[in-house]
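Structural features, examined
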Amino acid sequence: MKEALKEAKKAYEKLEVPVGAVIVKEGKIIARAHNVKEEKQDTTKHAEIIAIRESKQKT
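If you're wondering where the values come from, they're calculated on a predicted model, not measured in any experiment.

Conventions and cut-offs
Residues numbered from 1 in each chain as written. Predicted model: local features only at pLDDT ≥ 70, side-chain atom pairs only at ≥ 80, totals over all residues. Heavy atoms only, no water. Salt bridge = Lys/Arg side-chain N within 4 Å of Asp/Glu carboxyl O. Helix = DSSP H or I, 4+ residues; strand = E, 2+ residues; numbered from the N terminus. Buried < 20%, exposed > 50% of the residue type's maximum accessible area, 1.4 Å probe, protein only.

1. A look at the pattern of salt bridges
- Across all of its chains, the model carries seven salt bridges by this definition.
- The salt bridge partner of E3 is K6, with a shortest N-O separation of 3.1 Å. Highlighted residues: E3 and K6, both in helix α1 (residues 2-13), separated by three residues, approximately one helical turn.
- Under the relative-accessibility criterion, E3 is labelled partly exposed at 25%.
- With a shortest N-O distance of 4.0 Å, E13 and K9 are connected by a salt bridge. Of this pair, E13 and K9 are both found in helix α1, four residues apart, which corresponds to roughly one turn of the helix.
- In the salt-bridge network here, residues are joined through shared partners; they are E3, K6 and R32.

And the structure:
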């Protein structure tokens, strides 16, 4: 949870909605992300979606 909060802080500092996401597999973080929807002007750039996409590349 601490790692997700760190990601949320990154979003907050970018004036985004402060959401962070972390995906864990077998006790190890395999993906992490924070919202960059406004920065990228892309409605698919939510933390959860970014983290899922990142994790799929590592599995």
